[in-house]
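Structure at a glance
One letter stands for each residue in the lines below.
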Amino acid sequence: MAYTEVSLEDALEVIDCTNLSDIISIQKLPGGWANSNYILQLKEGEKVVLKIWDEQSIEEVEYLLDMTSYLSNNGVPTPEPIRFNNGKLLFLKNNLAWSLLPFTEGNWLKSNPSSLYSLGQTQANLHMIKSPPWLKKDFSMGYKLFQKLFSIAEEKNEWTDFLYLLKKESTKLKDNFGKLPRGIIHGDLFPDNVIGMNDEVKSLLDFEETCNGILAFDLVMTFVGFGWENNLPVANHWYSLLDGYQSVRKLTEQEISALPDLHRLATLSIAAWRYWQFVINLPNTEHANRYLEMTDRLDKELPF
C-alpha cells in the first residue's frame, strides 16, 4: 500500500538529481507497510524502484541505506542504492527521505526444497560477513517493541489477553539464550522480502530490521516466514532450509538446543509487530486479527 502519492513530475524531480535517463512511466508497486514504492521505467530501457520512507526518520533511512550498500558490496544479493549527484543515498522531499534502487526482475521466492536450500545458503553467507561498527544492537520487533506495547497498555490501562500472554512468554524466554553466536541478521526474511528465479535466491530486500542479533534466531525467523502451510509447520521446509544453511555455516550444539525457544521468540515478535501495526497503529482494517495467526502457532509441534 502506498502512503505517499507520487506524480510523474515528482519522480522527474528526483531522477534529475542523478545520472539516470528520463522517465517513460511510473507504476505503483504492491506491498510495503512502512513505505511507498514505485517502478520507474526509464528511456534507456532500465527500471528503478523509487521508495518513499513514510514512517522512518532521516537518520533511520541513512542507516538502512548505508547498511544495504555495505551488504551489497560484501557479496549479499541485494540491490545497491543509487547515489545522487551530491554523493548521498537519499533525496529529501516534503520532509521525507526518498531513495532509488535498481529494479530486480523475478518473483517472490517459493517454499519448495530447492528454493529453501538456496535461501539457507544465502542467509548463512550473510551471517558470515563481518559486522560494521555502526551496526544497530537492538532488534526492533523484539523486546524493544514488547516494552513499547506494555508501556502503552499501562498508560491507557488497556491490557488485552494478547499483551498478558506476550509479557508472560517473553519474560520466561528472556534469559534462555546465553552467549549464542551473534552477527548481522536480516530479521524479516519472509516471502515478500526475497526475490527468486528458477528456484534460487536472486535478491534479498528490505533490511529495516537488520541489526547485531542471534544468528540462529534469524534462521528460525525465516522458518516462521517460509516454513508453514495452513498454519502448520512443514518439516521438509525446515530440513531444506537447514541443509542449505549448514552447507555454509554449521550450527553449534548450543544453537540447536535453543531452536525451539528462539522460534517461540520469533513467533511472538511477528505477533507483536502485527498487533502494533494493525491494532494500535492502523486499526480497523481487515488485518486487525492477523497477530492471532502467530499466537495460534505457539502450541504446534516443531520439527526441531
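Scroll up to find the structure.
Residues numbered from 1 in each chain as written. Predicted model: local features only at pLDDT ≥ 70, side-chain atom pairs only at ≥ 80, totals over all residues. Heavy atoms only, no water.

1. Considering the nonpolar core
A general feature of soluble globular proteins is that nonpolar side chains tend to end up buried together. Counted only if it meets this: Buried Ala, Val, Leu, Ile, Met, Phe, Trp, Tyr and Cys residues form a nonpolar core when they are joined through side-chain atoms within 4.5 Å. Type-normalised accessible area, obtained with a 1.4 Å probe on protein chains alone, sets the label of each residue: buried when under 20%, exposed when over 50%, and partly exposed for intermediate values. Only runs of H or I of at least four residues qualify as helices and only runs of E of at least two qualify as strands under DSSP, and these elements are numbered from the N terminus. Contact definition: two residues touch when any of their heavy atoms are within 4.5 Å.
With 71 residues, the main nonpolar core has Leu 71, Leu 119, Leu 166, Phe 217 and Leu 262 as its most contacted residues. It is helix 8 (residues 253-281) that provides the largest number of residues to this core, a total of eleven residues. Leaving out residues up to four positions away in the same chain, Leu 119 has contacts with Leu 109, Leu 189, Val 194, Val 201, Leu 204, Thr 222, Phe 226 and Leu 241. With 18 residues, the next largest nonpolar core counts Val 6, Tyr 38, Trp 98 and Leu 100 among its residues.

2. What about the packing of aromatic side chains?
Rules: Any Phe, Tyr or Trp ring, taking Trp's six-membered ring, that has another such ring centre within 6.5 Å forms a pair; planes under 30 degrees apart are called stacked, those over 60 apart edge-to-face, and the others tilted. In this scheme, Lys NZ or Arg CZ marks a charge over a ring once it lies within 6 Å of the ring centre and within 35 degrees of the ring normal.
This model, assessed by the stated rule, comprises 14 aromatic pairs. An aromatic cluster is defined as three or more aromatic residues linked by ring pairs; in this entry it consists of Phe 223, Trp 228, Trp 238 and Phe 304. In this arrangement the basic side chain of Lys 93 is found over the ring face of Trp 98, its NZ or CZ atom lying 5.9 Å from the centre.

3. A short note on the pairing of strand 9 (residues 200-204)
Threshold: Think of it this way: DSSP has to see at least two bridges between two strands before they count as a pair.
Here four bridges tie strand 8 (residues 194-197) to strand 9, and the two strands are oriented antiparallel to one another. Among the inter-strand pairings, Val 194 is bridged to a residue of strand 9, identified as Leu 204. In this structure, the hairpin formed by strand 8 and strand 9 is closed by a connection of two residues, where Asn 198 is found at a positive phi of approximately 55°.

4. Observations concerning the side chain of Arg 274
Counting through the fold element by element, Arg 274 comes out in helix 8. The exposure class assigned to Arg 274 is buried, which follows from its relative accessible area of 7%. Not counting the four nearest positions on each side in its chain, Arg 274 is found in contact with Phe 190, Val 279, Arg 290, Tyr 291, Glu 293 and Met 294.

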